[in-house]
Amino acid sequence: MDKFMTWMTDKFSPKVNKIAKNAWVASIQDAILTAMPMVFIGSFATILAIIKDYWPAFPDLSPISTFSFGLFSLFISFLIPQSVMKHKGIKGVEKQAGLAGVAFFLIMIFPTLSGDGGKITFDLNAFGTGGMIAALLAGLFVGLIMVLFAKLKFISDDSPIPDFVAVWFNTLLPIIVVLLVGWLFTFELRISLYDIVNSIFSPLIQLGSSFWGFVIIYFLGFSFLYSFGISSWVIYPVQVAIALPAIAQNQANHAAGEAVTNIFTSEAGQLFLIGGGGATLSLCIMLAFMAKSNRLRIIGKASLIPSIFNINEPIVFGAPIAFNPILMVPMWINGLVGPIITWFVMKWGIVPIPYEPFQLWYLPAPILAWVTTKSITGLLLIVVLFVISWLIYYPFFKVYDKQAVEQDLEMEGK
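Owing to the predicted nature of the structure, the values given are computational and were not obtained by experimental measurement.

Right, let's talk about the packing of aromatic side chains for a bit. Applying the stated criterion to the full structure yields 22 aromatic pairs. On the basis of an interplanar angle of 50 degrees and a centroid distance of 5.2 Å, the ring pair of Phe211 and Phe344 is categorised as tilted. In this pair, Phe211 is assigned in helix H11 (residues 211–224) and Phe344 in helix H17 (residues 325–347), connecting sequence segments 133 residues apart. In this structure Phe211 comes out as buried when scored by relative accessible area, which is 16%. Its relative accessible area of 31% is what places Phe344 among the partly exposed residues. On the basis of an interplanar angle of 50 degrees and a centroid distance of 6.2 Å, the ring pair of Phe386 and Trp390 is categorised as tilted. Pair noted here: Phe386 and Trp390 are both in helix H19 (residues 376–413), with a separation of four residues, about one helical turn. Judged by relative accessible area, Phe386 falls into the partly exposed class, the value being 24%. According to the relative accessible area criterion, Trp390 is partly exposed, its value standing at 24%. A cation over an aromatic ring shows up here: Lys374 above the ring of Tyr355, its NZ or CZ 5.2 Å from the ring centre.

Following this line, the structure appears as structure tokens:
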């Protein structure tokens, strides 16, 4: 265990953090995080839809979700090229890069033009999470072209011409290249880049959304890597690329009266993150009210309110769980048990599979369970998962508390 901890600390963690700081990976992360408020708005629309279930006269606010969560890919196509410029240190052209990203994405999703050019028709599903992979690649492609042409300037930086005019001319060539590529494939060759991208990535998405994909991705991102101080945001782009299209498909299937089958959604994943990654709320309660170590009791009480709202950085880095072999092990176990149980109870139909977008992960677990599953069995699942997490953490807590008491006495003796 000591050798493994040393390897993870000295070799693995620095390499993963280096990948996370890569300009291209960081740009995807930034873009998704920037667009998340639009997903939150769609979640609020889900809450308000519950009111309409009991009060039919309440207005239909579903268009709010359509023009927030339903335009997620369109937002991403703007934000990724903009973020690439920022991370690559290419100043002054961020907005132009973003606009080029939107233009290329709109061409990429194969719009239909009327004969006189007076009307243009888009598939609205492509604007939502159904077009997310295409939007990611469109944004990265535009970012790449803008980076390649960054040193090729018609007007130099020391020119007396105003900066905004210089930007106009210096971004003309890369944007023309971007639009020409889109025009060639869509309007001349009549090849849908959107369909090609989806067909290429479909097997990978299906593999990732399988049982093993669900368990491994949540275990790695929210328990294993997290226990080594590596933020779950490292794996977030992969998770989102699978989960958001899945919940959108579930929503469409439910509206059409068809079966809801996609379990790998963020809404399902929220159910077992009770207190945050590794289901740490039970451990936090133990530390706050059962620890004999004064230090651990203080940490537990200070972390309790954030943990109720699924924010567990205070306990992960304060107890600490991170780099602590005694508490890392139960965190890993919970990181496997939670996804496994959740998958099977949904696969067997015991708990309904979520079909509406609800990304307000910071709400207490019982509220999340009720809103996402709309069932008593969803609430019972939370209770069962909490009890199991308690049983898993308890023996490790007792060992660590005893060790902490001895450390406290040593410190007092000094």
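This is not the end of the story, as more comes after the structure.
This part is about the domain arrangement of the protein chain. When cut into domains, the protein chain gives domain 1 (17–203) and domain 2 (210–413). Inter-centroid distance (C-alpha atoms) of domain 1 to domain 2 is 32 Å. With 22 residues of domain 1 in contact, the opposing surface of domain 2 contributes 22 residues. Between domain 1 and domain 2 lies a buried interface of about 1800 Å² when both sides are counted; carbon and sulfur atoms form 77% of it. The largest contributions to the domain 1 side of the interface with domain 2 come from Phe40, Thr46 and Phe69, which together make up 23% of the buried area. For the pair domain 1 and domain 2, the interface holds zero salt bridges. Inspection of the region where domain 1 meets domain 2 yields zero residue pairs in polar contact (both at pLDDT 80 or more). For the side of domain 1 that touches domain 2, the elements supplying multiple residues, two or more each, are helix H1 (2–20), helix H2 (23–54) and helix H7 (132–148). Broken down by element, the side of domain 1 that touches domain 2 gets its largest block of residues, 14 residues, from H2. Considered class by class, the residues forming the side of domain 1 that touches domain 2 number 15 nonpolar, seven polar and no charged.

Here we take up the pattern of salt bridges. Pairs can form between side chains of opposite charge whenever their charged atoms are close. For the coordinates displayed, the defined rule picks out two salt bridges. A salt bridge links Lys86 to Asp30, with the nearest nitrogen and oxygen atoms 3.4 Å apart. On the criterion of sequence distance, the pair formed by Lys86 in helix H4 (residues 72–87) and Asp30 in helix H2 is long-range, its members being 56 residues apart. For Asp30, a relative accessible area of 23% puts it in the partly exposed group.

Scoring rules and cut-offs
- Residues numbered from 1 in each chain as written.
- Predicted model: local features only at pLDDT ≥ 70, side-chain atom pairs only at ≥ 80, totals over all residues.
- Heavy atoms only, no water.
- Phe/Tyr/Trp six-rings, centres within 6.5 Å; stacked < 30°, edge-to-face > 60°.
- Helix = DSSP H or I, 4+ residues; strand = E, 2+ residues; numbered from the N terminus.
- Buried < 20%, exposed > 50% of the residue type's maximum accessible area, 1.4 Å probe, protein only.
- Lys NZ or Arg CZ within 6 Å of the ring centre and 35° of its normal.
- Domains from an automatic or database assignment.
- Contact = heavy atoms within 4.5 Å.
- Buried area = accessible area lost by both parts, 1.4 Å probe.
- Salt bridge = Lys/Arg side-chain N within 4 Å of Asp/Glu carboxyl O.
- Polar contact = N/O pair within 3.5 Å; in protein donor to acceptor, adjacent residues only side chain to side chain.
- Nonpolar A, V, L, I, M, F, W, Y, C, P; charged D, E, K, R; others polar.

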